[in-house]
Amino acid sequence: MASRWVKSPFPKGTYYFSGNEAAAEGAIAAGCRFYAGYPITPSSELMERMAVRLNEIGGVFIQMEDEIASISAVIGASWAGARAMTATSGPGFSLMQESIGYAAFTETPCVIIDVQRAGPCTGQATKVGSGDIMQAKWGSHGDYQVIALSPWSSQEMYDLTLRAFNLSEQYRVPAMVMADEAIGHLRETIRVAAKVEVWDRKKKKGGAPFDIEGEDGVPPMPSFGEGERLSVTGSTHDAYGFRKTDDPKAHARLVERINKKILNHKRSIIETEDYLLEDAEMAVVAYGFTARTSLYAVKRMRKDGTKVGMLRLKTLWPFPDEAVAEIGKKVKKIIVPEMNLGQVAGEVKKYVPCDVISLSQTNGEVIQPDTIMEMLRKI
Amino acid sequence: MVRALEKYIRPGVKSTPFCPGCGHGILMGLILRAIDDLKMDMKKMLFVSGIGCAAWIPSPHYNGDTLHTLHGRALAFATGAKLYNPDLCVMVVSGDGDLSSIGGNHLIHAARRDIDLKVICANNMIYGMTGGQAASTTPRGSKTSTTGEGNPYRPFDLCKLVEGAGATYVSRFSVTQPISLIQSIKKALLHKGFSFIEALSPCPTQFGRRNLLERPEDMIKDLIRRCILEEEAEGLTEEERAEKIITGEFLS
Ligand SMILES: Cc1ncc(C[n+]2csc(CCOP(=O)(O)OP(=O)(O)O)c2C)c(N)n1
Ligand code: SF4
Ligand SMILES: [Mg+2]
């Protein structure tokens, strides 16, 4: 397994993109050459751009009959050798869950971008939300890991989509970009470097594709048609893909490995950012669009002399437990503003001894800095 | 399985999982005979299946690439693989419940797109694997574990369904018509476009014993008696016809 540097899809410079467009370009930069999807607000522009771009560069684009078919086609294409992706929003993300579990269990690299909207159900299709965070981790049945990243700008729609592909290929795991409507539709300039680093999946002729001793726990992955006579199954399987549906050891071993290969590497997967935390007595833990308004609120409060800082979660899964625990040791109070009823706040509580206050808002609107400042003043 | 076909079986595979008298085992051999006749390169063949007894026909038994997917989704997975690597010869082998009940939407859309997939639907008119519940292919009046009084609904005519949806090769044969079935599989393998073969395959365990066909051979005899060609149906009365299953190549 190795990385290489390849030319960006654009000459080095700055470009003006919506988040959804930037994500499409990040995917192209990462080498994505297969997209299957089904239209849904607020993610559709991403799909439309992929349709144009993949046509231009000779990739494969297909509009499927639904989201179950979309993610399933992505998995099929991934085994055929593609860097493959789909994008959706809440209702489609719900439909994809069984296949996401399949991808996790068969260790299939694939990228899913969820441009979250206000749920549950059809909810408010054009309004913002971030209610799918727990679903990203727990949406399919059984114990498995995924990687989920949380962009806060158009720039990061580009960067983190690229990173999602790299992590997905490197660890053979579904990787998600948990965007939201506000980020998807936000237009701003992004910087594109001349070259980007891309990771290739591990290859080893004759190597067992579904087990590996030691190393990083990630077996090599051949593609269909390479003469490896692959046996891929979503049933419990041994190193060569033979079904082991009655063998307790085989099941325990496989479940343990697909979890450990991610958790053992969480330090290289997880990214967080600290803002004004050195002497902070209070901290805001935020992610996605909410981290923008939170940072604004934190800076304003600092001007008034309040010792408050912010921890931004760029990675949501695996959860940044160590970074959160570190903050928990320093501050007396943590507030977690989010556009759901406390999904990440609950997670933060697991790792800190101090007070954690959930600032929830589920009205289809972004959380304003004033709301956050008001809460900071109150506590 | 005859010795000559052993080279198509994945090393390490010992026995099939099917019940004695199951038609799926016969179909498993017939597909390999078609592949052998055409000297297909197994290294370029991808077999995709869903979930059910029929989905075990290729996986893990066939010695090419096999992709055993989720219940109903085989065609969607196959679509992705074929579109990304058109050099693969992609065959989908799965059950009636898998392909036409839970997977019905994928079936009509794959047919509509006319992507080069060779689909063999092993139709036993029931959900074999889960204990004999009614499928979208269960004949009206047939007893299943969820239609104790007889199925009140009409079954799909799968061949008409996929033909209407846009498939470009369509046939129906029973495993009791092995020569015709092999010929048809060969045609599908050579056809460029969406090919669909409905292969009638008896399930003595779940269908037969509930429907007065106690022993496996009763089911075989019943299929031999009922499966006729289109031209043979011409002289029959409405009543005589109702009981028959019309087999043949409907679109090629
Ligand atoms: C989503 C989902 N629902 C239900 C099942 C349970 N299930 C497994 S096989 C099957 C029916 C298979 O019937 P068919 O495709 O006709 O194959 P057969 O066993 O008859 O050959 C069902 C309902 C499942 N595996 N997944
Ligand atoms: S239950 Fe029916 S379909 Fe399944 S193996 Fe037994 S006979 Fe065949
Ligand atoms: Mg069946």
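Throughout what follows, the structure given in this document is the object of discussion. Because the structure is predicted, anything quoted here is derived from the model rather than measured.

The helix and strand tally for chain A stands at 13 helices and 18 strands. Against the compact-globule benchmark of 21 Å for 379 residues, chain A has a radius of gyration of 21 Å, which places it among compact chains. By its C-alpha atoms, chain A is 65 × 50 × 40 Å across when sized along the principal axes. When burial is assessed residue by residue, chain A has 63% of its 379 residues classed as buried. Seen as two clouds, the 46 positive and the 47 negative side-chain charges of chain A have centres 4 Å apart.

This part covers the layout of surface pockets. Residue and element names in this part refer to chain B. For the largest pocket, the calculated volume is near 1100 Å³. In terms of lining, the largest pocket is formed by 36 residues, of which the most central are R226, A242, K244, I245 and I246. Its residues assigned to classes, the lining of the largest pocket comprises 17 nonpolar, 6 polar and 13 charged.

On to the site of ligand 1, then. Neighbouring residues of ligand 1: 18 residues in total, closest C53, D96, G97, D98 and G128 of chain B. Around ligand 1, the nearby residues trace back to chains A and B. The contact in question runs from an oxygen atom of ligand 1 to an N or O atom on the backbone of C53 of chain B, over 2.8 Å. Take D96 of chain B: an N or O atom from its side chain is 2.7 Å from an oxygen atom of ligand 1. Sort the elements by how many residues they give to the shell around ligand 1 and helix α3 (residues 96-102) of chain B lands first, with 4 residues.

We now examine the site of ligand 2. Taken together, F18, C19, C22, H24, C53, N124, G128, C203, P204, T205 and Q206 of chain B form the complete shell of residues around ligand 2. Among the residues forming the shell around ligand 2, the class breakdown is 6 nonpolar, 5 polar and no charged.

Let's shift gears to the pairing of strand β18 (residues 355-360) of chain A. Residue and element names in this part refer to chain A. Pairing between strand β17 (residues 333-338) and β18: 6 bridges, direction parallel. Each residue of the ladder has a partner; that of I334, found in β18, is V356. Once you follow β17 into helix α12 (residues 343-349) and on to β18, the crossover reads as right-handed.

The strand order β12(A)-β2(B)-β1(B)-β3(B)-β4(B)-β6(B)-β5(B)-β8(B)-β7(B) describes an open sheet built from 9 strands, whose pairing is mixed. Among the strands making up the open sheet, the edge pair consists of β12 (231-233) of chain A together with β7 (227-229) of chain B. Each neighbouring strand pair of the sheet contributes to a mean axis angle of 20°, computed without reference to strand direction. The sheet contact formed by β12 of chain A and strand β2 (residues 65-68) of chain B spans 3 bridges and is parallel.

Reading guide: rules and limits
Residues numbered from 1 in each chain as written. Chains lettered and ligands numbered in written order. Predicted model: local features only at pLDDT ≥ 70, side-chain atom pairs only at ≥ 80, totals over all residues. Heavy atoms only, no water. Helix = DSSP H or I, 4+ residues; strand = E, 2+ residues; numbered from the N terminus. Rg over C-alpha atoms; globule rule 2.2 N^0.38 Å. Buried < 20%, exposed > 50% of the residue type's maximum accessible area, 1.4 Å probe, protein only. Lys, Arg positive; Asp, Glu negative; His and termini not counted. Charge placed at Lys NZ, Arg CZ, Asp CG, Glu CD. 1 Å grid on protein atoms, 1.4 Å probe; cavity = no way out; pocket = protein on both sides within 12 Å on 5 of 7 lines; lining within 4 Å. Points joined across faces, edges and corners; volume = space filled by probe spheres on them. Nonpolar A, V, L, I, M, F, W, Y, C, P; charged D, E, K, R; others polar. Near = heavy atom within 4 Å. Polar contact = N/O pair within 3.5 Å; in protein donor to acceptor, adjacent residues only side chain to side chain. Pairing = 2+ DSSP bridges. Right-handed = clockwise from strand over helix to strand, strands pointing away. Axes fitted to C-alpha atoms, helices over the stretch in contact; angles between N-to-C directions.

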